[in-house]
Every structure is written in structure tokens, then in C-alpha cells.
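Reading the structure
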Amino acid sequence: MATTLTVPIGEALLAYGAGHHGEAADKLARLVGAMAPVGGSHAQQDIFTLIQIDAAIRAGRREQAQTLLDERIRDRPADFGTRKLLEALAR
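Described below are features of the structure shown in this document. (Residues numbered from 1 in each chain as written. Predicted model: local features only at pLDDT ≥ 70, side-chain atom pairs only at ≥ 80, totals over all residues. Heavy atoms only, no water.)

A look at the overall build of the protein
For the record, the criterion: Strands here mean DSSP runs of E at least two residues long; helices mean DSSP runs of H or I at least four residues long; both are numbered from the N terminus. Only heavy atoms enter the contact rule, under which two residues are in contact if any of them lie within 4.5 Å. Accessible areas in this description were obtained via Shrake-Rupley with a 1.4 Å probe; residue shielding takes into account the shown protein chains only.
Each helix and strand in the protein was counted, giving five helices and zero strands. N-terminal to C-terminal, the α/β element order of the protein is α-α-α-α-α. Intrachain contacts of the protein at a sequence separation of at least 6 include 51% that bridge at least 24 residues. Taken as a whole, the protein presents about 5400 Å² of accessible surface, with 57% of it coming from carbon and sulfur.

Put into C-alpha cells, the structure is as follows:
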């Protein structure tokens, strides 16, 4: 299972790094819920969600970003990363 996720995760991160934020947001939206088999800590897996939100913001997908942030606020109301992304969305 991990190998079937590794390549798509890498592609999503490459798209993000290349500035193709819409593509990255789309790819990560399909992958984030299925990442548990890849392993790593919850914090390591959480970074992909943060990248997905940032990609949505950078792609101008305010509604998508807001939906993802609302979920994070519900689950982690005091999370520093969530607050920073909310500030970015407000700009």
C-alpha cells in the first residue's frame, strides 16, 4: 500500500514546489485520507494536510481552503499552523 501512495505523494509535492498549487491541492485532496498506511507520526502525516491547505490558498481556492481550515479548527483549535494559514487566507 505504501508504494502505491509514495509516487502520488511525491508528484503532489513536486507540483507544489514548482508552483503548480492547484494541481498539488487536487492531488493531495485525493491522498490525505489514505496516508495512514505510509506510516510516520501523526505530526509527519499532518504536514501533508497543511501543504494541501497552503496549496489551496496559493491557488486562490478560498472556499476549499476555508473548508479544510474549519475542519482543523474543530480538531485542533489552538494549532499554530492553523492560525498562520487562517491569517494567509484573510489576506
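The rest of the description comes next.
Thoughts on the packing of helix α3 (residues 42-58) against helix α5 (residues 80-90)
A pair of packed helices can be characterised by two numbers: the angle between their axes and the separation between those axes. Our working rule: Throughout, an axis means a line fitted to C-alpha atoms (over the contacting stretch in the case of helices), and angles, computed between N-to-C directions, take values from 0 to 180 degrees. For classification, angles of less than 35 degrees are called roughly parallel, those exceeding 145 degrees roughly antiparallel, those between 65 and 115 degrees roughly perpendicular, and all remaining angles oblique. Only Asp, Glu, Lys and Arg are considered charged in this grouping, and only Ala, Val, Leu, Ile, Met, Phe, Trp, Tyr, Cys and Pro are considered nonpolar; every other residue, Gly among them, is considered polar.
Put simply, α3 and α5 touch, their axes get as near as 10 Å, and they point 10° apart. On the basis of their axis angle, the class for α3 and α5 is roughly parallel. Along its contact with α3, which presents Leu50, Ile53, Asp54 and Ile57, the element α5 presents Leu85, Ala88 and Leu89. The class makeup of the residues in the contact of α3 with α5 is six nonpolar, no polar and one charged.

Description of the nonpolar core
Heads up, the condition is: Among buried residues, the Ala, Val, Leu, Ile, Met, Phe, Trp, Tyr and Cys ones that are joined through side-chain atoms within 4.5 Å form a nonpolar core. We call a residue buried when its accessible area falls under 20% of the maximum for its residue type, exposed when it is over 50%, and partly exposed in between, using a 1.4 Å probe and counting protein chains only.
Grouped together as the largest cluster of nonpolar side chains are 14 residues, with contacts concentrated most on Ile53, Ile57, Ala65, Leu69, Leu85 and Leu89. Contributing elements (two or more residues each) for this core: α2 (21-31), α3, α4 (62-75) and α5. Among the elements that take part in this core, α3 stands out by supplying five residues, more than any other. Not counting chain neighbours up to four residues away, the residues in contact with Ala65 comprise Ile53, Ala56, Ile57 and Leu89. Ranked by size, the runner-up nonpolar core spans seven residues in total, among them Ala12, Leu28, Phe48 and Ile51.

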